[in-house]
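Close look at the chain arrangement
Next come the chains, spelled out residue by residue.
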Amino acid sequence: MATLDQKSPNVLLQSLCCRITGKSEAEVAHQFQYAVRVIGSNYAPTIERDEFLVVFFLMLFSCLQGVLKHRWSVLYLLLSLSEDPPLPRDAHSTPFYCTRPQSLALSYGERSTGLSASVGTSGISSLGVYTLNGPTPTPQPLLPAAGGGQPLGSRLAWTLPVSSSPSSAMVPPAARPPLGPPVPAARVVRPRRDGDPAGEVNEAALVRDILYVFQGIDGKFIKMSAQDNCYKIDSKVVLCKSLRDTSSRLAELGWLHNKVRKYTDARSLDRAFGLVGQSFCASLHQELKEYYRLLSVLHSQLQVEDDQGVTVCTESSLTLRRLLVWMYDPKVRLKTLAALVDFCQGRKGGELASAVHAYGKTGDPQMRALVQYILSLVSHPILNFLYRWIYDGELEDTYHEFFVASDPNVKTDRLWHDKYSLRKSMIPSFITMDQARKVLLIGKSINFLHQVCHDRTPPGKITAASKSADTPKDAAELLSDLEGAFQEKIDAAYFDTSKYLLDVLNRNYLLLEHLQAMRRYLLLGQGDFIRHLMDLLKPELARPATTLYQHNLTGILETAVRATNAQYDNAEILKRLDVRLLEVSPGDTGWDVFSLDYHVDGPISTVFTRECMGHYLRVFNFLWRAKRMEYTLTDIWKGQMCNAKLLKTMPELSGVLHQCHILASEMVHFIHQMQYYITFEVLECSWDELWNKVRQAQDLDHIIAAHDVFLDTIISRCLLDNNSRSLLNQLRAIFDQIIEFQSAQDSLYRSALEELSLRLQYEEKKRQREEEGQWGVTAEQEAEEKKRIQEFQETIPKMRSQLRILTHFYQSIVQQFLVLLMTSSDESLRFLSFRLDFNEHYRAREPRLRASIGATRGRRLSNI
Amino acid sequence: MASAANANLNAVRETMDVLLEISRLLNTGLDMESLSICVRLCEQGINPEALSAVIKELRKASESLKVQSQPP
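Residues numbered from 1 in each chain as written. Chains lettered and ligands numbered in written order. Predicted model: local features only at pLDDT ≥ 70, side-chain atom pairs only at ≥ 80, totals over all residues. Heavy atoms only, no water.

A separate point is the overall build of chain A. Broken down by element type, chain A carries 35 helices and six strands. Counting contacts in chain A only where the partners sit at least 6 residues apart, residues at least 24 apart contribute 73% of the total. Summed over its atoms, the accessible surface of chain A is roughly 43,500 Å², and 55% of this surface lies on carbon and sulfur atoms. (Helix = DSSP H or I, 4+ residues; strand = E, 2+ residues; numbered from the N terminus. Contact = heavy atoms within 4.5 Å. Areas by Shrake-Rupley, 256 points an atom, 1.4 Å probe, with all protein chains shown as cover.)

Along the backbone of chain B there are three helices and zero strands. Going from the N terminus to the C terminus, chain B shows its helices and strands as α-α-α. Going through the 72 residues of chain B one by one, you find that 51% of them count as buried. (Buried < 20%, exposed > 50% of the residue type's maximum accessible area, 1.4 Å probe, protein only.)

We now examine the packing of helix α12 (residues 274–307) of chain A against helix α14 (residues 328–343) of chain A. Residues and elements named next belong to chain A. Where α12 meets α14, the axes come as close as 11 Å, and the angle between the chain directions of the two elements is 155°. Taken as axis vectors, α12 and α14 run roughly antiparallel relative to one another. Considering how the two elements wind past one another, α12 and α14 form a crossing that is left-handed. Between α12, through F280, L284, E287, L288, Y291 and L294, and α14, the contact on the second element is made entirely by P330, R333, L334, L337, L340 and V341. (Axes fitted to C-alpha atoms, helices over the stretch in contact; angles between N-to-C directions. Parallel < 35°, antiparallel > 145°, perpendicular 65-115°, else oblique. Left-handed = near helix turned anticlockwise from the far one by under 90°.)

Bringing the packing of helix α23 (residues 527–541) of chain A against helix α28 (residues 610–646) of chain A into the picture now. Residue and element names in this part refer to chain A. Running from N to C, α23 and α28 cross one another at 80°; their axes reach a closest spacing of 11 Å. If you check the angle between α23 and α28, you find them roughly perpendicular. Contacts between α23 and α28 involve I530, R531, L533, M534, D535, L537, K538 and L541 on the former and, on the latter, W624, K627, R628, E630, Y631 and D635. Partitioning the contact of α23 with α28 into residue classes produces seven nonpolar, no polar and seven charged. (Nonpolar A, V, L, I, M, F, W, Y, C, P; charged D, E, K, R; others polar.)

Residue and element names in this part refer to chain A. Of the positions making up helix α33 (residues 827–836), those classed as buried are S828, L829, L832, S833 and L836. In a view along the axis of α33, the buried residues occupy a sector of 150°, so they form one face of it. Its buried side turned inward, α33 meets α29 (654–696), α30 (700–717), α31 (725–772), α32 (779–822) and α34 (841–845). (Arc of directions from axis to C-beta.)

With that out of the way, let us pick up the side chain of A:E540. Along the chain, A:E540 turns up in helix α23. Once residues lying within four places of it in the same chain are set aside, the contact partners of A:E540 are A:L548, A:L553 and A:I556.

The next subject is the packing of aromatic side chains. The geometry of two aromatic rings is summed up by the distance between their centres and the angle between their planes. Residues and elements named next belong to chain A. Counting across every chain of the model gives 18 aromatic pairs over all chains. A ring pair is formed by F402 and F403, whose centres lie 4.6 Å apart and whose planes are at 40°; its orientation type is tilted. Stacked on the ring of F343, the Lys or Arg R347 has its end atom at 4.7 Å from the ring centre. The ring of Y494 carries K438 above its face, with NZ or CZ at 5.3 Å from the centroid. (Phe/Tyr/Trp six-rings, centres within 6.5 Å; stacked < 30°, edge-to-face > 60°. Lys NZ or Arg CZ within 6 Å of the ring centre and 35° of its normal.)

This next bit is on the nonpolar core. Residue and element names in this part refer to chain A. Formed by 198 residues in total, the largest nonpolar core has its most connected members in F214, F403, F529 and W624. The element that contributes the greatest number of residues to this core is α29, accounting for 17 residues. Sequence-distant contacts of F214, that is, excluding residues within four places in its chain, are made with L250, L253, G254, H257, Y291, L295, L298, L323 and M327. (Core = buried A, V, L, I, M, F, W, Y, C linked by side-chain atoms within 4.5 Å.)

This part is about the environment of A:C230. All names here are of chain A. Tracing the backbone shows C230 in strand β2 (residues 230–233). Put simply, C230 and E252 are 22 residues apart on the chain and 7.6 Å apart in space, counted from C-alpha to C-alpha. Leave out the neighbours within four places in its chain, and C230 touches K223, M224, S225 and W255.

The subject of this paragraph is the confidence of the model for chain B. On average, residues of chain B score 84 in pLDDT, and 94% of them are at 70 or above. Scored as a complex, the prediction yields pTM 0.62 and ipTM 0.78. (pLDDT = per-residue confidence, 0-100.)

Turning to the environment of A:K348, a few remarks are in order. Residues and elements named next belong to chain A. If you trace the backbone, K348 turns up in the loop between α14 and α15 (350–359). Among the residues examined, K348 registers a relative accessible area of 24% and is labelled partly exposed. Along the chain, K348 and Q278 lie 70 residues apart, while their C-alpha atoms are 9.4 Å from each other. Within polar-contact distance, the side chain of K348 engages the backbone oxygen of Y399 at 3.1 Å. (Polar contact = N/O pair within 3.5 Å; in protein donor to acceptor, adjacent residues only side chain to side chain.)

This next bit is on the pairing of β2(A). Each regular strand shows side chains that alternate between the opposite faces of the sheet. Residue and element names in this part refer to chain A. Alternating residues of β2 divide into Y231 and I233, all buried, and C230 and K232, none buried. As paired elements, strand β1 (residues 222–225) and β2 share four bridges and run antiparallel to each other. Residue M224 lies in a different strand from β2, and its bridge partner there is Y231. (Pairing = 2+ DSSP bridges.)

Moving on, we come to the environment of A:A744. Here A:A744 is to be found in helix α31. Separated by 62 residues in sequence, A:A744 and A:L806 have C-alpha atoms that sit 9.0 Å apart.

So, about the pattern of salt bridges. Residue and element names in this part refer to chain A. As enumerated under the stated definition, the model contains 32 salt bridges over all chains in all. With a shortest N-O distance of 2.5 Å, R388 and E394 are connected by a salt bridge. Put simply, D397 and R423 hold a salt bridge, and the shortest N to O gap is 3.5 Å. In this pair, D397 sits in the loop between α16 (365–392) and β3 (404–406) while R423 sits in the loop between β4 (420–422) and α18 (433–451), placing the two residues 26 residues apart along the sequence. Shared partners join several salt bridges into a network, and the residues in it are E572, K575, R576 and D601. (Salt bridge = Lys/Arg side-chain N within 4 Å of Asp/Glu carboxyl O.)

Once that is clear, we can look at α23(A). All names here are of chain A. At D535, α23 shows its largest bend, some 30°, and a proline, P539, comes one to four positions later. Among the residues of α23, F529, I530, L533, M534, L537, E540 and L541 are the ones counted as buried. Close packing links the buried residues of α23 with α22 (511–522), α24 (550–563), β5 (577–581), α26 (590–593), β6 (594–598) and α28. (Bend = angle between axes of the 7 residues up to and from the residue.)

Turning to unusual backbone geometry, a few remarks are in order. The phi dihedral of A:L510 is positive, around 55°, even though this residue is not glycine. Exposure remark for A:L510: the relative accessible area of 19% places this residue in the buried category.

Turning next to the confidence of the model for chain A. Residue and element names in this part refer to chain A. With 76% of its residues at a pLDDT of at least 70, chain A reaches an overall mean of 75. Confidence scores differ between elements of chain A, with helix α9 (residues 185–189) showing the lowest mean pLDDT of 35 and α14 the highest of 89. Note that residues 85–198 has pLDDT below 50 and, in this model, 120 contacts with residues that lie over four places away or in other chains.

Structural data, given as C-alpha cells:
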C-alpha cells in the first residue's frame, strides 16, 4: 500500500505486540521474540484451501478492490484469528427431520437467484454504509448443498451488522425462515453470563426455558397461567419485545402438548373407554413420542453447547428463531392433534371414528396424512368387530362400541325381529347406512342359522372369509378404497349368507310350501276340500255353539281331508292343520265359532308371527262367512228349483213364489259379485305379487316384508281394517238378511209342501174312495177341505207381506252398502259397486245413488 | 494530482473499512490499529498463519498475566 508507512516488519511486529498485550514496548520483549521466532520459521499455510471458505468471502471479497496486494493473506489472517474453531461434525446432526436444514438450504439455493438478490441487498445495504464503488456483487449461490459448509455459511452470509438493532434485523428474514439467525452483537461485546438477574435475560436462558415449556413444564421465566390458560412470560423479567413475542409463539407448542397429554392421561384411566378409544390414545401417544424425540435432540444440542464451555461461539447454537423454524412442522402436527382431541372429547366407539374421519376432509396433505394414519389405527378395532360379526356371527363388544347391538333378554323365537338392532350413533361416517344394514343382516342370518335353524355348518363354508383386517395397514388400505373393496366384501358376504339361509329354510323347513298351504287352507284356496268340509260340517254347525266338541270337528276335518285332493299334500302340512273353536258368546251357533288353524313353530314362525296368524284367522273368518252365504244361497236355489214344479198345482202360491225367486236371484247376484271380488281381485292378485316377491327375495327380510304387505292388502281389501268398519257392518247385515230369507223361505216351503201333501192326500183318498164305489168325498170332508184351503190361502198374504218386508229391508241395506262403496277410497271397491249395480236397478230407487253414481261416472269419463 | 491522490486515499480507506467489517464479522477481536498493522505485515509478505499464531499466543499470554495480576 503506497500511502502506508513503509516500516520494517520488525517494527510493525513490535507495535502489534504492544497493542495486543496492551503493554509498553519494554515489557513485550519476550513475546516479541517469540513472535519473531514463529514468523521466522517459514511454514506455509497447512490447511487446504477450503473452497467453501473462499466462496463465502467472495461477496465481501469482491468489495475489496485491487488496493491490497496480498488480499488473500490478509483475509486468511483474519480468518484464522476468528473465534470459531472448526466444530465437530456430529454436533450438527441436525435434529429431527435431518434433511430439514439442508432442504431449507436447497430450497434456499433454488430461490437463490430470485431471492438472494433481495437478501443480498439487505446484506449489502447493511454494508452500504460503506459505499462501494465496486461492481454490484453478483449473487453467487451462497449456500453449498453439503451440510458441512452450512454452519459457516449461516454464520457468514446473512449476519447483519452490529449497528442495526436486533429487532429491525428480524424484519427482512421474517418473511422467509431465516437460516442463520444473527448473533446479537451485544453478545460479543458483553461477556456471556447466564441469567443476569439485574439485566436482560439473554437468549440462551430463554432457550432452555422454552425447551422445558415444550414439554409442559414451567420454566424459570415462562410459566403457565391458569386463568388465561396460556403460557405467560413472567412480567418481572426484563425482555426485549422481539424475544418476548418469539417465546410466546414457541410457548404455544407447550400449550398444545399439554392439551394432548391431558387427554391421553385422562383417557388411559378411564376403564370404560373401549378399544377404539384406546387405539386413538395409542396413536396420540406415538405422535407425542416423536415430539419428545425431537425435544431430546434439541436438549442434547443444548447440552453439547454447555459442555463446550462458555467460549463457544454461539452462532450455530440454539436460538429462539432457529427453534421457531424447526418447530414449525411439529407445531402444525400438534395443532391437528389438539383439534382432534377437542373434537373427540367425550366420544367413543364408532362416534370417535366418525369424528376422526371428519377431520380427514382437508386439503392440507400433511394434515390429511396424519389424520388418515390415526383413522386407520382407530378404525382397526371397528373393522375387526365387523369381520367377526360378518363371518362368525359373534359379537364381543363389552364397551358398546360397535353399531350392532344385541339384546340379551330376547329369546330365540324373536331372534330375527328383536334381538339385533343398529346402534345408529355408533355407525362410523365412512360406512353408509345401506352397508350397515347389510352388515346387521348378515350377522343376524348367521345367528339365526345357528340358533333357530340348528344349522351348524361352519361359517367358513358359507362365505369365503377373508381375514384381511389383521393389521392396521390393511385397515388403512381398506379405508382408502371404501367404495370398492369394502363394499364388495360386504356384498359378497351378504349374498352368500342370505342365499344359504333361504336355501336352508326352503329345503329343511319348507317355507314356501307352508306359504302355499296357508293359502290353500286358511284362505280357502283348496275349493273341493272346503266345499266338502262345509258339506260335512253343516249339520254340526247348525247346532248351538256350546254343544260343539273339538274332537268331533277334528274327526270331520280328517274325513274331509281324506276324501278330497287334500290327501295328496305333504304330511308335514296336514299335520299342522287343525280346528279351532273361538270364544263362545251366548246365542252363537256353530257357524260363529268355527275356524281352521295352522300350527307354526321353529324358523317359519319368524315369517308367520303371532300377529300374522291372527290376521290369517280373521281373514279366514270373513271368507268362511262369505262362503257360507254362497252355500246357503245354493241351497235356496236348489229348494226353489225342486219345489217349483211341485207347487205348480197351487196357483195361489205363485205370487209368493215369484217374489221368493226374485229376491233369491238378487241375493245370488250380490253374493256372486262379492265372491268374485274377494277371490280374484283381492286374493289372487295379492297372492301373485307375494309369490313373485318371495321367489325373487334375496334375504329373509324381503320375504317377511312382502308377506306383511300381502296380509295388509288383504285385510284392507276384505274390509277388515278399521277404516272399513261401516262397510263391514253393512255386509254383515246383508248376510244376516240372507240367512233370514233362507229361514223364511224354508218355512214357506214347509207350509206349502205340507199343504200340498195334505191336498194330495185328500185327492188320493177321494180317488181311492171312488175306486171303492163310494162317494168321493162327503160334504163335511169337502167343507173341511175347503176350510183348510181357505185358512191356507189366508196365510199367503201374511207370507207375502213378510217377504215384501224382507225384500224391502234387503234392498235398503244393499243400497246403503252401495253408497258406502261408491264413496270409498279404494278403487276396486268402487268398481265393485259398479258391478253390483250393473243394470242400475238400485240406482232407480235410491236418489243418493243416482247423484253419486252420476257424479263419479262423470268424473271418470272426464278422466278418460 | 491531488484528486488522484484523493481517489487513492478513498480507495484505501474503503478497503480498510471493508476489512474492518470482515474482521468484525469474523469476531477476530482486532481493532482498527491492529488490523492496519496486520495488513501492512501481510502486504510485506509475512506468512498469515504464522502471524495469526503469534497473535493468539500474545493474547493468551496477556490473558494469563491479567489473571495472575488479579488477586483472589
